[in-house]
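Remarks on the overall topology
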Amino acid sequence: MGKNIVEKILQEHIVEGELVKGSSVGIRIDRTLTQDSTGTMAYLQLEAMGIDKVKTKKSVAYIDHNMLQQGFENADDHKYIQTVANKFGIYFSKPGNGICHQVNLERFSVPGDTLLGSDSHTPTAGGVGMLAIGAGGLDVALAMAGEPYSIKVPKVIKVELTGKLCPMVASKDIILEVLRRETVKGGVGKIYEYGGEGVSSLSVPQRATITNMGAELGATTSIFPSDEKTREYFKAQGRLDDWRELKADDDAKYDEIIKIDLDALEPMVAAPHSPDNIVKCREVSDVKVDQVAIGSCTNSSYEDLMKVAKILKGRKVKNDVSLVIAPGSRQVMEMIARNGALADIIASGARILENSCGPCIGMGQSPGTDAVSVRTFNRNFFGRSGTNSAKVYISSPEVAAVTALTGYITDPRDIDFDIDFSDISTDEFMIDDSMIIVPADTSTEVEVVRGPNIKPFPLNTALEDKLSGKVIIKTGDNITTDHIMPSNAKLLPFRSNIPYLANFCFSTIDEEFSARSKDNPGGFIVGGDNYGQGSSREHAALAPLQLGIKGVIAKSFARIHKANLINSGIIPMEFENPEDYDLISQMDNIEIEGILEGIKNGKLVVTDKDRGVSFSVSVVFNEKEIEMLNAGGKLNSIKLKKGI
Ligand code: F3S
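**Brief notes about the environment of Leu312**
Within the element layout of this structure, Leu312 appears in helix 9 (residues 302-312). Taking the C-alpha atoms as reference points, Leu312 and Ala404, 92 residues apart in sequence, are found 8.9 Å from one another.

**Side note on the site of the ligand**
Around the ligand, a shell composed of His65, His101, Asp119, His121, Ser296, Cys297, Cys357, Cys360, Ile361, Asn378 and Arg384 is seen. Here the shell around the ligand is composed, by residue class, of 4 nonpolar, 5 polar and 2 charged. Residue-level mapping places the shell around the ligand at the junction of two domains, with at least three residues from each of domain 1 (5-264) and domain 2 (268-411).

**Side note on the domain arrangement of the chain**
Domain parsing of the chain yields domain 1 (5-264), domain 2 (268-411) and domain 3 (467-642). The gap between the C-alpha centroids of domain 2 and domain 3 is 36 Å. Contacts between the two partners involve 7 residues from domain 2, matched on the other side by 11 residues from domain 3. Carbon and sulfur atoms supply 60% of the area buried between domain 2 and domain 3, which totals about 750 Å² over both sides. When the buried area of domain 2 at its contact with domain 3 is split by residue, Ile361, Met363 and Phe381 rank highest and sum to 51% of it.

**Notes on the side chain of Ser203**
For Ser203, the location among the structural elements is in the loop between strand 10 (190-195) and helix 7 (204-213). Taking relative accessible area as the criterion, Ser203 reaches 13% and is therefore assigned buried. For Ser203, the residues in contact, after removing those within four places along its chain, are Lys229 and Glu303.

**Concerning the sheet that holds strand 3 (residues 31-34)**
Within the open sheet, the 6 strands sit side by side as 7-6-3-4-5-20. Their pairing is mixed. Looking at strand neighbours, the two that pair on one side only are strand 7 (131-134) and strand 20 (436-437), the edges of this open sheet. Pairing of strand 3 with strand 4 (residues 58-62) involves 4 bridges; the strand directions are parallel. Of the residues in strand 4, the one forming a bridge with Thr34 is Ala61. Sheet strands in contact with helix 3 (residues 72-88) are strand 4, strand 5 (91-93) and strand 20, and its direction is about 155° off that of strand 5. Relative to the sheet, helix 5 (residues 137-144) contacts strand 3, strand 4 and strand 6 (114-117), its axis offset from that of strand 3 by approximately 140°.

**So, unusual backbone geometry**
With an omega of -5°, the peptide bond running from Pro272 to His273 counts as cis. Mapping His273 onto the fold places it in the loop between strand 13 (268-270) and strand 14 (278-280). One non-glycine residue, Gln69, lies in the positive phi region at around 45°. Locating Gln69 in the fold gives a position in the loop between strand 4 and helix 3. With relative accessibility at 37%, the residue Gln69 sits in the partly exposed group. Backbone geometry at Phe506 places phi at a positive 60°, although glycine is not the residue there. With respect to the helices and strands, the residue Phe506 is situated in the loop between helix 14 (498-501) and helix 15 (513-519). Judged by its relative accessible area of 0%, Phe506 falls in the buried class.

**Some points on the packing of aromatic side chains**
Here the distance between the centres and the angle between the planes together describe a pair of aromatic rings. Across all of its chains, the model carries 11 aromatic pairs by this definition. Ring centres of Tyr531 and Phe557 lie 5.9 Å apart, and the angle between their planes is 85°; on these two criteria the pair is classed as edge-to-face. In this pair, Tyr531 is assigned in the loop between strand 22 (524-527) and helix 16 (539-546) and Phe557 in the loop between strand 23 (551-554) and helix 17 (559-567), connecting sequence segments 26 residues apart. Judged by its relative accessible area of 1%, Tyr531 is buried. Consider the rings of Phe575 and Tyr581, whose centres lie 6.1 Å apart with planes at 80°: the pair is edge-to-face. Per residue, the accessibility class of Phe575 equals that of Tyr581, and both read buried. One aromatic cluster in this structure is built from Tyr233, Phe234, Tyr302 and Phe429.

Cut-offs used in this document
- Residues numbered from 1 in each chain as written.
- Predicted model: local features only at pLDDT ≥ 70, side-chain atom pairs only at ≥ 80, totals over all residues.
- Heavy atoms only, no water.
- Helix = DSSP H or I, 4+ residues; strand = E, 2+ residues; numbered from the N terminus.
- Near = heavy atom within 4 Å.
- Nonpolar A, V, L, I, M, F, W, Y, C, P; charged D, E, K, R; others polar.
- Domains from an automatic or database assignment.
- Contact = heavy atoms within 4.5 Å.
- Buried area = accessible area lost by both parts, 1.4 Å probe.
- Buried < 20%, exposed > 50% of the residue type's maximum accessible area, 1.4 Å probe, protein only.
- Pairing = 2+ DSSP bridges.
- Axes fitted to C-alpha atoms, helices over the stretch in contact; angles between N-to-C directions.
- Phe/Tyr/Trp six-rings, centres within 6.5 Å; stacked < 30°, edge-to-face > 60°.

As structure tokens, then:
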């Protein structure tokens, strides 16, 4: 029987288990990436494993999230990552070289290889046909140590593209359409594999925009074939040797097929506060805009910025709009600087930011009170911009640039501009890898430099058979990792200092949570549907761990967060009957007995002592997960195995 692309790559990489839908397999990880916000913790964990060098083909540490360096903490973290990378044989992309996913696509992506990254937008590399998965920092540390990465064999959904995008309709509109149909939790347990004749009209950066924002579906990853367009991209990046063809067999089978006619798509936006809240631009053309931000790992390629420059050339940004632009990498910045496009952008009145994540995580450029911001990013969750009252719309670069000129959300087809994008593609990127530091051959002489803000990560204790404690918080549906552990400009410098960060756990929705947890150790969290969606932030599990949380009972969990909870030895439990959620209240005393046996059988009974009611929760884990929970987390279980 023919195979799809996902099956082909999985088959080549399986080291444990068999390729049977729904069963767990261990896959070999060829490459890893980290960024600074998750990297410090991943490298502290790698150090704790007692290995000499990473076992992957290539691992890269990027610095892209926090470049503001308002205190010594960031500079210290950067130094720590650089020195620890040097010691363990990891390439180091210096601050200023660009956003991890953009630089990875340009300089390190390889079709057919597996990539595990401690950032939820790692699937960006699926744009070249890589099986690229976002995971917690600990999973990435383990992959660097040569451990297989365990996943459930996912369902493979084919997204069949036909036709061709009309002028001013972008690849961003393709992924917005997929999100409109599938929603932010429609992709859980699935990989989206793109195919059909419409694929050949999309460039690699356009494909990478789609696979990047595929993360918002909750999907394991998204992937494109590696074809002639991919070959051209690798040739232009001077990396033809890294290219290989990758396509699905003609008789490949899929679990589902979604069809999208590219000719029929229109410019769209994701309205506040969810990436699946999709509306057509023309339906919101009365929305007045205060800020436009262009960049992020979703839309900051050379192609994107050239389109923006063409739209802005000879025109002026509206007086009451602030337009900020962050190119995705030094390669992009240098190319638009040398060909004059940057001058056109500056002349329009745009503000140029560093090649980094920046405003995407509220790291500068937070909108004003009640302001409307149109951003080419991937997420518009409540509060992520740094301003709780702001309304963030997600759009393509074309919509964003035109909107900056008109001051209202604008469908670019409604503006009478005579713009031709046909000459944008390049057959030769400017290549300069001098900001990528090659690691030392011998690690013994390398000294790892640690600043005072770098604290050891918290460790759980072995699982007990009976747990009792209070419900410290009861949340609603769709709680994001941003809600659980906010990551704003003030907190990001403390990512390697969990005891301090934990003081701000849930602070955007409940300022007393941290204090209540400390007063009532051994407590529980009760959540609604899709608990822990959004960023892969491991800290959203480590902060509750630091505060002594023992379990989370929710209607359903987002995949990466659930894995992070297990890694931390916190039990994720799902209401068997979602209506039981209504039985329980904040600060109720609950008790769970027979846990050690129950997690093997997939079921526990929770008793609410205050209400005098009991209900069942489902706890379906694979063998490894049970091992981890028993040991009090993944690192404890690895240490036990290795006798450390
Ligand atoms: Fe950075 Fe935002 Fe992407 S934080 S990695 S640009 S999602």
